[in-house]
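# Architecture and fold: a report
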Amino acid sequence: MVPCDARGVTDSPRGRTWRLLVTEPADGATNMAIDEALSLGRRADISPPTLRFFAWDPPTVSLGFGQPLGRDVDLSACRELGVGIVRRPTGGSAIYHDGPERELTYSIVASAEDLGGLVGLLETYHWIGRALLSGLRSLGAPAEMVAVAGGEEPTPAFCFARTGSYEIEVGGKKLVGSAQRRRGTTFLQHGSVVLGVDEPRLRALFPTTTDPLATMTTLEAALGHRPKFDDVATTLAAAFEAEHGLALRPDGLTAAEMALVERLVGEKYATDAWLAGPA
């Protein structure tokens, strides 16, 4: 976990300074507790708007907030392969998250005011998607943003089985999967940028998905080589700054945020009750 940096983050004259938080790979409960702590802090106006990049150790399946446990993911395969499982505070479908050699996960915590007054779900998806698209193209990926998608089909078990509105594809296949949770005018958005893929493991974890690779792609496939986590994080951060006029200031978690993370891990994200899902 990134330690506290005593400098803090203050507004620039343009009011566009955000915290850039890059954390060490962590288990699922810790990763989700960090993001909820950031969200609660922003809602209370004691934490700054934050762009976070992170990875997972051990590799972990995250379930969407309302997704049933044990129906779409093979829990026995998770145990056998040493894969963790956690429930996200955000919605959507299950995602297999790997270490930094195969995935970069981002989260954004902000308010409508931080985005210049944007309040709608699709508006915020589009705002984030524009920066992601710019960054991925800077890396050399021939990426495209999907327009507003239809909602007729049932929600798939596997996040990458369908591309949603303002998500990113390469060659008609999904490259970035995202999900959001809103509380008032504050939101938390998660997204998974796939650098490479462990195909046998993916198939073992999602047995109800006929061919998980039929609808997803990776940066390795798009570029002809697998980029490094740090390079992707640096490029995406620069894209958020350029696209939206932000000044991203590297910083750490505050002492209050770290204390809240520890409490949320023990009382929520590492518990069987939370993993079992909403009643």
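In case you missed it, the structure is sitting above this.
### Section: the overall build of the protein chain
- Per the secondary structure count, the protein chain includes eight helices and eleven strands.
- Counting all 279 residues of the protein chain, 54% fall into the buried class.
- Sequence separation of 24 or more characterises 74% of the internal contacts of the protein chain that already satisfy a separation of 6 or more.
- Accessible surface computed for the protein chain: about 11,700 Å², of which carbon and sulfur atoms make up 52%.

### Section: the sheet that holds strand β11 (residues 247–250)
- Strand order across the open sheet formed by eight strands is β7-β8-β9-β10-β6-β2-β1-β11, with mixed pairing between neighbours. Of all the strands in the sheet, just β7 (143–145) and β11 have a single pairing partner and so form its edges. Put simply, the sheet's adjacent strands are angled 20° from each other on average, direction ignored.
- In the sheet, strand β1 (residues 17–22) pairs with strand β2 (residues 50–54) via four bridges, with the strands oriented parallel. Counterpart to R19 in the pairing with β2 is T50.
- Lying over the sheet, helix α1 (residues 28–43) contacts β1, β2, β6 (103–111), β9 (173–183) and β10 (186–194), oriented at roughly 175° with respect to β2.

### Focus: empty space enclosed by the protein
- For the coordinates displayed, the defined rule picks out three cavities of 30 Å³ or more.
- In this structure, the second largest cavity occupies an estimated 50 Å³ of space.
- If you trace the second largest cavity, you find it lined by R88, I95, H97, T105, G177, S178, A179, H190, G191 and S192.
- Listed by contribution, the elements that provide at least two residues to the lining of the second largest cavity are β5 (95–97), β9 and β10.
- Residues of the lining of the second largest cavity, tallied by class, amount to two nonpolar, seven polar and one charged.

### Things to note about the pattern of salt bridges
- Taken as a whole and assessed by the stated rule, the structure comprises 16 salt bridges.
- With a closest N to O distance of 3.1 Å, R130 and E243 form a salt bridge. Note that R130 is positioned in helix α3 (residues 121–138) and E243 in helix α6 (residues 229–244), a separation of 113 residues in sequence.
- For R130, a relative accessible area of 31% translates into the label partly exposed.
- The partly exposed category is assigned to E243, whose relative accessible area is 30%.
- What emerges from the salt-bridge pattern is a single network uniting E36, R183 and K268.

### Overview of the nonpolar core
- If you look at the biggest cluster of nonpolar residues, it comprises 35 residues, and the most contacted ones within it are F53, L104, Y106, I108, L136, L219 and F240.
- Aside from chain neighbours lying at most four places away, what touches Y106 is R52, F53, F54, I128, L132, V176, S178, Q189, H190, G191 and V193.

### Digging into α3
- Compared with an ideal rise of 1.5 Å per residue, which puts 18 residues at 26 Å, α3 spans 26 Å between its outermost C-alpha atoms and is within 8% of the ideal.
- Inspection of α3 places T124, Y125, W127, I128, G129, A131, L132, L133, G135 and L136 among the buried residues, and these make up the whole buried set.
- G140, located one to two residues past α3, shows a positive phi value of around 110°.

### Quick notes on α1
- Spanning 16 residues, α1 covers 23 Å between terminal C-alpha atoms, matching the ideal 22 Å at 1.5 Å per step.
- Extensive coverage of α1 is indicated by the burial of 14 of its 16 residues.
- One or two residues past the end of α1 sits D45, with phi positive at roughly 65°.

### A closer look at the sheet that holds strand β4 (residues 84–87)
- Taking strand neighbours across the sheet as the criterion, the three strands line up as β4-β3-β5 in an open arrangement whose pairing is mixed. The sheet terminates laterally at β4 and β5, the two strands that pair on one side only. Averaged over all adjacent pairs, the angle separating strand axes in this sheet is 25°, with direction ignored.
- With three bridges connecting them, strand β3 (residues 60–63) and β5 associate as antiparallel partners. In the sheet register, T60 faces β5, and the bridge partner there is H97.

### Observations regarding the packing of α3 against α6
- In contact at an axis separation of 8 Å, α3 and α6 are set at 125° when each is read in the N-to-C sense. Relative to α6, the element α3 is oriented oblique. Between α3 and α6 lies a crossing of right-handed hand. In contact with W127, I128, R130, A131, L132, S134, G135, L136 and S138 of α3, α6 contributes T235, L236, A239, F240, E243 and H244.
- Class assignment for the residues of the contact of α3 with α6 results in eight nonpolar, five polar and two charged.

Reading the values: the criteria
- Residues numbered from 1 in each chain as written.
- Predicted model: local features only at pLDDT ≥ 70, side-chain atom pairs only at ≥ 80, totals over all residues.
- Heavy atoms only, no water.
- Helix = DSSP H or I, 4+ residues; strand = E, 2+ residues; numbered from the N terminus.
- Buried < 20%, exposed > 50% of the residue type's maximum accessible area, 1.4 Å probe, protein only.
- Contact = heavy atoms within 4.5 Å.
- Areas by Shrake-Rupley, 256 points an atom, 1.4 Å probe, with all protein chains shown as cover.
- Pairing = 2+ DSSP bridges.
- Axes fitted to C-alpha atoms, helices over the stretch in contact; angles between N-to-C directions.
- 1 Å grid on protein atoms, 1.4 Å probe; cavity = no way out; pocket = protein on both sides within 12 Å on 5 of 7 lines; lining within 4 Å.
- Points joined across faces, edges and corners; volume = space filled by probe spheres on them.
- Nonpolar A, V, L, I, M, F, W, Y, C, P; charged D, E, K, R; others polar.
- Salt bridge = Lys/Arg side-chain N within 4 Å of Asp/Glu carboxyl O.
- Core = buried A, V, L, I, M, F, W, Y, C linked by side-chain atoms within 4.5 Å.
- Expected span 1.5 Å × (residues − 1).
- Parallel < 35°, antiparallel > 145°, perpendicular 65-115°, else oblique.
- Left-handed = near helix turned anticlockwise from the far one by under 90°.

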